Amino acid sequence: MSLFASPTITSGPSKAATSNDMTARAIPAGSVPPIAAKTADRFDRAGANMPVAIRRRLPRLATSSFLVAGDIAGYLIAYFVVLSIPPSGLEGTLAERTFMIAALAAIILYASAGLYPGYRLHDHEHLRRRTVAAVKVAVLAAFGAIILPEGQRLLLAVIGFLAVGLIVQPFVHWLARGLCCKLGVWGERAAVIAGSNLTPALVAHFENHWQYGIRPEVSDTLAASPDGGPSIAVIAGDAGALAPDLAAMRRKFAEVILLSDTPSFKVSGLRPADVGGEIGIRLTSDRSSVNSDLVRRILDLAIAIPASIVVAPFIAFAAAAIYAIDPGPVFFRHTREGRSGKPVHVLKLRTMYQDAEQRLEALFRDDPNMRAEWLSHFKLRDDPRVLPVIGHMLRSSSIDELPQLANIIAGQMAIVGPRPFPEYHLLAMDDEFRDKRRSVTPGLTGLWQISERSSADIELQQQLDEFYIDNRSLWFDCQILLSTIPAVFKRRGAY
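Residues numbered from 1 in each chain as written. Predicted model: local features only at pLDDT ≥ 70, side-chain atom pairs only at ≥ 80, totals over all residues. Heavy atoms only, no water.

1. A look at the overall build of the chain
For step 1, the next point in the chain: Along the chain, the regular secondary structure elements total 17 helices and twelve strands.
For step 2, the next point in the chain: Considering the chain as a whole, with its 495 residues, one finds that 48% of them fall into the buried category.
For step 3, the next point in the chain: In the chain, of all internal contacts separated by at least 6 residues, the share reaching a separation of at least 24 is 73%.
For step 4, the next point in the chain: When the accessible area of the chain is evaluated, it comes to approximately 24,700 Å², of which 63% is carbon and sulfur surface. (Helix = DSSP H or I, 4+ residues; strand = E, 2+ residues; numbered from the N terminus. Buried < 20%, exposed > 50% of the residue type's maximum accessible area, 1.4 Å probe, protein only. Contact = heavy atoms within 4.5 Å. Areas by Shrake-Rupley, 256 points an atom, 1.4 Å probe, with all protein chains shown as cover.)

2. Describing the confidence of the model for the chain
A low pLDDT score tells you not to read the predicted coordinates there in detail.
For step 1, the next point in the chain: Across the chain, the average pLDDT comes to 75, with 72% of residues at or above 70.
For step 2, the next point in the chain: By mean pLDDT, the top-scoring element of the chain is helix α12 (residues 405-409) (94), and the lowest-scoring one is strand β1 (residues 2-6) (35).
For step 3, the next point in the chain: Predicted confidence for residues 1-40 stays below pLDDT 50, and this span has 127 contacts to residues more than four positions away or in other chains.
For step 4, the next point in the chain: This stretch, residues 262-275, has a pLDDT under 50; its non-local contacts, to residues over four places away or in other chains, come to 42 contacts. (pLDDT = per-residue confidence, 0-100.)

3. Observations regarding the packing of aromatic side chains
For step 1, the next point in the chain: By the definition in use, this model includes ten aromatic pairs.
For step 2, the next point in the chain: Centroid distance Tyr110 to Tyr116: 6.5 Å. Interplanar angle 75 degrees. Geometry classified as edge-to-face.
For step 3, the next point in the chain: Residue classification places Tyr110 among the buried positions, given a relative accessible area of 0%.
For step 4, the next point in the chain: Under the relative-accessibility criterion, Tyr116 is labelled buried at 13%.
For step 5, the next point in the chain: Both rings, one in Trp186 and one in Trp210, keep their centres 6.3 Å apart while their planes meet at 85 degrees; by these two values the pair is edge-to-face. Note that Trp186 is positioned in the loop between α5 (151-183) and β3 (188-193) and Trp210 in the loop between α6 (199-208) and β4 (214-218), a separation of 24 residues in sequence.
For step 6, the next point in the chain: Ring pairs connect the aromatic residues Tyr75, Tyr79, Phe80, Phe99 and Phe161, which therefore count as one cluster. (Phe/Tyr/Trp six-rings, centres within 6.5 Å; stacked < 30°, edge-to-face > 60°.)

4. Observations regarding the side chain of Thr351
For step 1, the next point in the chain: By the element assignment, Thr351 lies in the loop between β10 (343-349) and α9 (356-366).
For step 2, the next point in the chain: Note on Thr351: relative accessible area 6%, which makes it buried.
For step 3, the next point in the chain: Sequence-distant contacts of Thr351, that is, excluding residues within four places in its chain, are made with Arg385, Val386, Leu387, Gly391, Leu394, Arg395 and Asp400.

5. Focus: the nonpolar core
For step 1, the next point in the chain: Counting residues in each nonpolar core, the largest one holds 42 residues, and the members touching the most others are Ile322, Ile408, Leu447 and Tyr468.
For step 2, the next point in the chain: Per-element accounting of this core gives the leading share, seven residues, to helix α8 (residues 290-325).
For step 3, the next point in the chain: Residues in contact with Tyr468, not counting those within four places in the same chain, are Val416, Gly417, Pro418, Leu447, Phe476, Asp477 and Ile480.
For step 4, the next point in the chain: Residues Ala78, Ala103, Leu121 and Ala145 belong to the second largest nonpolar core, which totals 33 residues. (Core = buried A, V, L, I, M, F, W, Y, C linked by side-chain atoms within 4.5 Å.)

6. As for the pairing of β10
For step 1, the next point in the chain: In terms of residue burial, β10 counts as a mostly covered element, since five of its seven residues are buried.
For step 2, the next point in the chain: Pairing analysis gives seven bridges linking strand β9 (residues 331-337) to β10, with the strands arranged antiparallel. The residue of β10 that forms the bridge with Phe332 is Lys348.
For step 3, the next point in the chain: The turn linking β9 back onto β10 is made up of five residues, and Ser340 within it adopts a positive phi angle of 60 degrees. (Pairing = 2+ DSSP bridges.)

7. Comments concerning a nonpolar patch on the surface
For step 1, the next point in the chain: Taken together, the side chains of Val135, Val139, Leu140, Phe143, Ile146 and Ile147 present a nonpolar region at the surface, about 670 Å² in accessible area.
For step 2, the next point in the chain: Judged by relative accessible area, Val139 falls into the partly exposed class, the value being 41%. (Patch = residues over 30% accessible without salt bridge, like charges linked within 9 Å, V, L, I, M, F, W, Y side chains within 5 Å. Salt bridge = Lys/Arg side-chain N within 4 Å of Asp/Glu carboxyl O.)

8. Details of helix α16 (residues 458-470)
For step 1, the next point in the chain: Helix length check: α16 (13 residues) gives 18 Å between terminal C-alpha atoms against 18 Å at 1.5 Å per residue, within 8%.
For step 2, the next point in the chain: Those residues of α16 that fall on the buried side of the exposure criterion are Ile458, Leu460, Gln461, Gln462, Gln463, Leu464, Asp465, Phe467, Tyr468, Ile469 and Asp470. (Expected span 1.5 Å × (residues − 1).)

9. Description of the environment of Ile450
For step 1, the next point in the chain: Tracing the sequence through the fold places Ile450 in helix α15 (residues 447-451).
For step 2, the next point in the chain: Residue classification places Ile450 among the partly exposed residues on the basis of a relative accessible area of 23%.
For step 3, the next point in the chain: On a C-alpha basis, the gap between Ile450 and Thr484 in space is 5.6 Å, while along the polypeptide they are 34 residues apart.

10. As for the pattern of salt bridges
For step 1, the next point in the chain: Tallied over the full model, the rule gives 20 salt bridges.
For step 2, the next point in the chain: Of the charged contacts in the structure, one is a salt bridge between Arg438 and Asp435, with a shortest N-O distance of 2.4 Å.
For step 3, the next point in the chain: By relative accessible area, which is 48% here, Asp435 ends up partly exposed.
For step 4, the next point in the chain: If you follow the salt bridges from partner to partner, you end up with Glu337, Glu423, Arg434, Asp435 and Arg438 in one network.

Right, dumping it as structure tokens:
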């Protein structure tokens, strides 16, 4: 789901944004659906006599303080890690002061980049802004190395210090956000204004994806609330029908977010643009440049070649286990659709019996419910075709996909991209979406793998792939890659 905000843009995939009854979501002009009671803010209860402006700032100030403390803790960990690498020879006041100045400069740049508290930013945007800040500090350290007598030795230490900080801080930041959420200070109150069919799903979406910092509640009036009310409005439905109310909303709310994926305003590639000094909307084709493709290819090879060497023993062990249970070929090649429609022979470890197709046909004859599950997901939770023990283990851990590193080295696949689906899977999707999928190289891991995996139905799989293709970037790829490992270990939605 892509959110077009004024004056900012926010976006995130949501199952809620793709309901079949889209036409029922239009909102009559001048009407706001009545619903639920708003959630009481912890600071509202604690300081009922405080001015509204102060009460609104306190949660944000508390959250920012926790996040700054988390980043300081991350740099302390980085400090001890760097000093523990022999031979360091960095003990002393000069090294401590240098690290302290580098950490302080990075935190100031984080603050100037809007990372405290960093509401309504995707994880890949957090990663981009943090990396850019660290690079700026490293450049400043390089200039300092020219001046200081021990500058060259300190420069390498500072770069290592910043690099370790970048690795540690996302984890510490996750802990700090979780603590803020437990304390009830994370996020900003947002009034959800949408059709009655869509509102509960939107509220559930933002509650499940609380990391965006949107605390949804439903408002039945645009009149000013005694406590100041939510500072953000999230609007879904027919934006044109809401035009008479938009002026009043701008007066009441500090920020108004329009969901762009609506019946009358469904476009891809929305970007903010500076048009004559005023904010406008620019539509981009999102076609990858030659340079971007080259960088992706270099990164793919830099990851796939060493990874294939590391995982080779695991693949050999799994192959031996497959052969012991069901003697026969241990690898399985299946033709999938690749970039520009070219066929890709995807290589996988075999996790099913050799007579899998016959078993599936027999199952459908005996159990119509299993056929319905197959038509919805093209997967079965209790699949009789899967080899006992080893088959389920390989599929849930995604080890069966590791031979596709060979496809990546051959240039047929990428590390990150939409998963290559079989033809019968693609036939359930519309032609326009299939054309969009053909515009990018299929990947070993993708957005739906780190979010819903096998739990996603056809509609949600299509939405997640569309969102990835429309917002594709190297930073987004890096974030998906970093999120793949914990997603595999959690095994949520994998079968």
